[in-house]
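Reading the structure
Listed here are the chains, written in short residue letters.
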Amino acid sequence: MADTDFRTWPAHGSNFEHSDRKWMTPAGRFNRGFTSADQSNGEHPAANQNMGMPAFSLADHLPEMIVDAIGEWAVHLRPQSWRLRRRALSRFAEAFADQFVALNPALSDEEYESLTEIGYTCLLEKLDDGQPISELDQAHCYKRSVHDEHRFAADMFIEMSAPAATIH
């Protein structure tokens, strides 16, 4: 993992051609293996403190080529700790937004920030295995998601993990 440069887009080792207009074709929920945990095994597992999976996937609305690049990043990050994933998610979000700025330099700061949130959440969706949150770094990742389900699960985990105050 040390040789992966998280500042590049698309993911390290990608062979995507950005000049190809095919990258503008929306991927859709069932294309190219981008599935949530409940779709991958046919069950409805308890996700993130049993609150359920997000009601929608941001990647449904992205071009297939971008969904594939997100999948590449997820493959590299899955074996890593949530501490490393947390840093990589932030770097990915900026690279994601930077790519769109390169295509449209007139984007405002607000649009750029929105794109970073979308990129962050899309990669987090791909890393979400449907299991309850199990560590603080993971909770902080989920807290930054645009999905209410992720943020709620993160808040619950953080609240349950906080040391109890003692009253004297």
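First, a word on what this report is: a plain description of the structure on this page. (Residues numbered from 1 in each chain as written. Predicted model: local features only at pLDDT ≥ 70, side-chain atom pairs only at ≥ 80, totals over all residues. Heavy atoms only, no water.)

**Some points on helix α3 (residues 82-103)**
The periodicity of an α-helix, 3.6 residues per turn, causes residues three or four positions apart to be oriented the same way. Counted at 1.5 Å a residue, the expected span for α3 with its 22 residues is 32 Å, and the 31 Å between its end C-alpha atoms agrees. Among all positions of α3, only Trp-82, Arg-85, Ala-88, Leu-89, Phe-92, Ala-93, Ala-95, Phe-96, Ala-97 and Gln-99 are buried. Where α3 is buried, its residues touch α2 (64-77), α4 (109-127) and α5 (136-143). (Helix = DSSP H or I, 4+ residues; strand = E, 2+ residues; numbered from the N terminus. Expected span 1.5 Å × (residues − 1). Buried < 20%, exposed > 50% of the residue type's maximum accessible area, 1.4 Å probe, protein only. Contact = heavy atoms within 4.5 Å.)

**A closer look at the environment of Arg-151**
Secondary-structure assignment places Arg-151 in helix α6 (residues 148-161). Exposure remark for Arg-151: the relative accessible area of 29% places this residue in the partly exposed category. Considered as a pair, Arg-151 and Cys-141 are 10 residues apart in the sequence and their alpha carbons are 8.9 Å apart. When neighbours within four sequence positions are excluded, Arg-151 is seen to be in contact with Tyr-142, Lys-143, Ser-145 and Val-146.

**Regarding the packing of aromatic side chains**
By the definition in use, this model includes four aromatic pairs. Judged by centre distance (5.9 Å) and plane angle (40 degrees), the rings of Phe-92 and Phe-96 are tilted. Taken together, the residues Phe-92 and Phe-96, both in helix α3 and four residues apart, mark about one turn of the helix. Taken as a pair, Phe-92 and Phe-96 share a single burial class, namely buried. Assessed through its relative accessible area of 0%, Phe-96 is described here as buried. The structure contains a cluster of three or more aromatic residues connected by ring pairs, namely Trp-73, Phe-92, Phe-96 and Phe-100. (Phe/Tyr/Trp six-rings, centres within 6.5 Å; stacked < 30°, edge-to-face > 60°.)

**What to know about the nonpolar core**
Core analysis: the largest hydrophobic core is formed by 29 residues, its most contacted members being Ile-70 and Leu-123. Those elements giving two or more residues to this core turn out to be α2, α3, α4, α5 and α6. (Core = buried A, V, L, I, M, F, W, Y, C linked by side-chain atoms within 4.5 Å.)

**Points about the pattern of salt bridges**
All chains considered together, the criterion is met by three salt bridges. Notably, a salt bridge pairs Arg-86 with Asp-137, separated by 3.0 Å at the nearest N-O pair. With a gap of 51 residues between them, Arg-86 in helix α3 and Asp-137 in helix α5 connect regions that are remote in the sequence. Under the relative-accessibility criterion, Asp-137 is labelled partly exposed at 22%. Notably, a salt bridge pairs Lys-143 with Asp-155, separated by 2.3 Å at the nearest N-O pair. Placement of the pair is Lys-143 in helix α5 and Asp-155 in helix α6, with a sequence separation of 12 residues. Residue Lys-143 is classed as partly exposed on the basis of its relative accessible area of 39%. Judged by its relative accessible area of 35%, Asp-155 falls in the partly exposed class. (Salt bridge = Lys/Arg side-chain N within 4 Å of Asp/Glu carboxyl O.)

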